[in-house]
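Fold and geometry: a report
So the chains spell out like this:
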Amino acid sequence: MCSLVCGCITDFFTYETTKSVVVKSWSVGIINRIVQLLIIAYFVGWVFIHEKAYQVTDTGIESSVMTKVKGFGYHHGHVMDVADYVFPQQGAGVFCIMTKLIVTENQFQGKCAESAQMFNCSTDADCNNHFGAIRSNGVITGVCLKPSNDSNGQCEIEGWCPAENDSVLIEPMLDVNNFTIFIKNSIRFPLFDITRGNFPSTMKAEEIARCTYHPETNPFCPIFRVGDVLNYTGQSVASLAEKGGEIGINIEWKCNLDLDIEYCIPKYSFTRLDAPFAKNTITKGYNFRFAKYYKTENGTDFRTLHKAYAIRFDVMVTGNAGKFNTIPTLINLVAAFTSVGLGTVLCDVILLNFLKGADQYKAKKFEEVSEAQIEASIAQSPGSQQSFKPGIKSSYDSGAISLTASDQPV
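Residues numbered from 1 in each chain as written. Predicted model: local features only at pLDDT ≥ 70, side-chain atom pairs only at ≥ 80, totals over all residues. Heavy atoms only, no water.

Each helix and strand counted, the protein has 11 helices and 18 strands in total. Residues classed as buried in the protein amount to 34% of the 410 residues present. Restricting to contacts in the protein with at least 6 residues of sequence separation, those with at least 24 account for 68%. (Helix = DSSP H or I, 4+ residues; strand = E, 2+ residues; numbered from the N terminus. Buried < 20%, exposed > 50% of the residue type's maximum accessible area, 1.4 Å probe, protein only. Contact = heavy atoms within 4.5 Å.)

This is how it looks when you write it as structure tokens:
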């Protein structure tokens, strides 16, 4: 029993090494080195240098955006200021600059004729087909209002009257081109407790008041001219003022915290977000409605309805920060060293299947042992193994022999 336990312990604390076959072939050797070189270049160039896999990365950026628009424009004979054309007025990261306004004044609750051409009628039956319509300016009553029996009319609605007529021609406010947008953005990477702003804290108020953003000459100025922003997206005020549109301003933060913190700076990019619908006649552009409510002396409610066409700006903040860390470095180094072995796998496939002498290579690489050979080996006495020195034991693993301590040179 003791000998069995001692034997198991001895076998457990042994070391076996694999059998290596050296193949002297120029073609296979070149392929092997090329594959290894490509793998090393991939890990060094892409994984470590480009992707910075030696860093731990924080993608949970925390951001705050404040905006402020400045400028004056003329619209329908009136001078418009910020309180007239910016919605909402709180200076959020999403805001609209109105370019055209259709006003319907003195609307009271009641019944009146619909203004849209799609609600033309000749009989009440024509209006009955529009019951439940959502594109009308009120609830369809089913009555066809006609100035005379021989003429066509309009379906009657119940709601705010007179009905809005948004087909009137209004000249848009092209002065939007010279309006300016001030963007104040602060970000924080919570993993590293790093806080940054989109313009240097040393920049004075006088410098900010005089500057205008330019990607090359003035990349840190937080004031953007609307016409320039539209030009960066390939658009213009003239093309967007009539129906409106949606513009994205992206502030991207990519910070390598292994360098000085002053290199952690924002990069701006601009795009038209509603580009997929630019040629759609139904959903083209951007518009919304709002109303101002009043009361008459006798307490009756009435309102002034506004339909505004506007350019909507969406300020989006993205980014990540990275810093050297031992754990991802070790993980990717291990992956790199392991991947270098893929060259051996590819060369083995070529040697075993495509080169001349593949059978001889297989015979050298693999040793087949049958059950009959195992039984014959067991039946032999230890002294009959002429090919081994005394004390050297054969292993049943292919190409492996075990050496005892007594065989080592003193």
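This part takes up the pairing of strand 11 (residues 194–197). The side chains of a regular strand alternate between both faces of the sheet. Where strand 10 (residues 180–189) lies against strand 11, four bridges are found, and the strand directions are antiparallel. Opposite Ile187, over in strand 11, you have Arg196 as the bridge partner. (Pairing = 2+ DSSP bridges.)

Okay, the side chain of Asp314 next. Residue position: Asp314 is located in strand 16 (residues 301–324). With no salt bridge to any partner, buried Asp314 finds its closest opposite charge in Arg312, at an N-O distance of 4.4 Å. Among all residues touching Asp314, those that are not within four sequence positions of it are Gly93, Val94, Ile247, Gly248, Ile249 and Leu273. (Lys, Arg positive; Asp, Glu negative; His and termini not counted. Salt bridge = Lys/Arg side-chain N within 4 Å of Asp/Glu carboxyl O.)

To continue, consider helix 2 (residues 26–50). For helix 2, with 25 residues, the first-to-last C-alpha span of 34 Å sits near the 36 Å given by 1.5 Å per residue. Where helix 2 is concerned, the buried positions are Val28, Asn32, Val35, Gln36, Ile39, Phe43, Val47 and Phe48. Of the surrounding elements, those touching the buried residues of helix 2 are helix 8 (326–340) and helix 9 (342–353). The positive-phi residue at the C-terminal boundary of helix 2 is Lys52, with phi of around 50°. (Expected span 1.5 Å × (residues − 1).)

Formed by 45 residues in total, the largest nonpolar core has its most connected members in Tyr85, Ile97, Trp253 and Phe313. Secondary structure elements with two or more residues in this core: strand 5 (86–87), strand 6 (94–113), strand 10, helix 6 (226–232), helix 7 (237–240), strand 13 (245–256), strand 14 (266–272) and strand 16. At seven residues, strand 16 tops the list of elements feeding residues into this core. Of all hydrophobic cores here, the second largest spans 10 residues; its members include Cys112, Phe119, Cys121 and Cys144. (Core = buried A, V, L, I, M, F, W, Y, C linked by side-chain atoms within 4.5 Å.)

A few words now on the environment of Val229. With respect to the helices and strands, Val229 occurs in helix 6. A sequence separation of 52 residues divides Val229 from Asn177, and the C-alpha atoms of the two residues are 9.5 Å apart. If we skip the residues at most four places from it in the chain, Val229 touches Phe224, Ile247, Ile249, Phe270 and Phe313.

Tracing the backbone through its elements, the reader meets Leu230 in helix 6. Here Leu230 falls in the buried class, since its relative accessible area comes to 0%. Placed 10 residues apart in sequence, Leu230 and Leu240 show a C-alpha to C-alpha distance of 9.2 Å.

What follows concerns unusual backbone geometry. The general pattern is negative phi for most residues beyond glycine and trans for most peptide bonds. The step from Phe87 to Pro88 runs through a cis peptide bond, and the omega angle for that step is -15°. Here Cys161 and Pro162 are connected by a cis peptide whose omega angle stands at 0°. With respect to the helices, strands and loops of the structure, Pro162 is situated in the loop between strand 9 (153–161) and strand 10. Positive phi values are uncommon outside glycine, yet Lys52 reaches one of about 50°.

Before going further, it helps to spend a moment on the packing of aromatic side chains. Applying the stated criterion to the full structure yields 19 aromatic pairs. Look at Tyr85 and Phe179: their rings are 4.5 Å apart centre to centre, the planes differ by 15°, and that puts the pair in the stacked class. Of this pair, Tyr85 sits in helix 3 (residues 82–85) while Phe179 sits in the loop between strand 9 and strand 10, and the two are 94 residues apart along the sequence. The same class applies to Tyr85 as to Phe179, namely buried. An aromatic cluster is defined as three or more aromatic residues linked by ring pairs; in this entry it consists of Tyr213, Phe224, Tyr232, Tyr268 and Phe270. (Phe/Tyr/Trp six-rings, centres within 6.5 Å; stacked < 30°, edge-to-face > 60°.)

Pairs of packed helices are described in terms of their axes, by the angle between the two and the distance that separates them. Two elements in contact, helix 8 and helix 9, have axes whose closest approach is 4 Å; the angle formed by their N-to-C orientations is 15°. Considering the angle they form, helix 8 stands roughly parallel to helix 9. When helix 8 is examined against helix 9, the residues Thr338, Ser339 and Val340 are found in contact with a partner set consisting of Leu342, Gly343 and Thr344. Residues belonging to the contact of helix 8 with helix 9 are distributed by class as follows: two nonpolar, four polar and no charged. (Axes fitted to C-alpha atoms, helices over the stretch in contact; angles between N-to-C directions. Parallel < 35°, antiparallel > 145°, perpendicular 65-115°, else oblique. Nonpolar A, V, L, I, M, F, W, Y, C, P; charged D, E, K, R; others polar.)

Let's shift gears to a nonpolar patch on the surface. Among the surface-exposed residues, Val5, Ile9, Phe12 and Phe13 lie close enough to one another that they form a single nonpolar patch of about 470 Å² accessible area. You can see Phe13 is positioned in the loop between helix 1 (2–12) and helix 2. (Patch = residues over 30% accessible without salt bridge, like charges linked within 9 Å, V, L, I, M, F, W, Y side chains within 5 Å. Areas by Shrake-Rupley, 256 points an atom, 1.4 Å probe, with all protein chains shown as cover.)

The next thing to look at is the pattern of salt bridges. The final tally for this structure, using the stated rule, is 11 salt bridges. The partner of Glu252 in a salt bridge is Lys254, and the shortest N-O contact between them spans 3.8 Å. Given a relative accessible area of 29%, Glu252 falls into the partly exposed group. Relative accessible area serves as the criterion here: at 57%, Lys254 is assigned to the exposed category. Asp274 serves as the salt-bridge partner of Arg272, at 2.7 Å between the closest nitrogen and oxygen. This pair shows no difference in class: Arg272 is buried, exactly as Asp274 is.

Geometric values such as these leave the question of function open.
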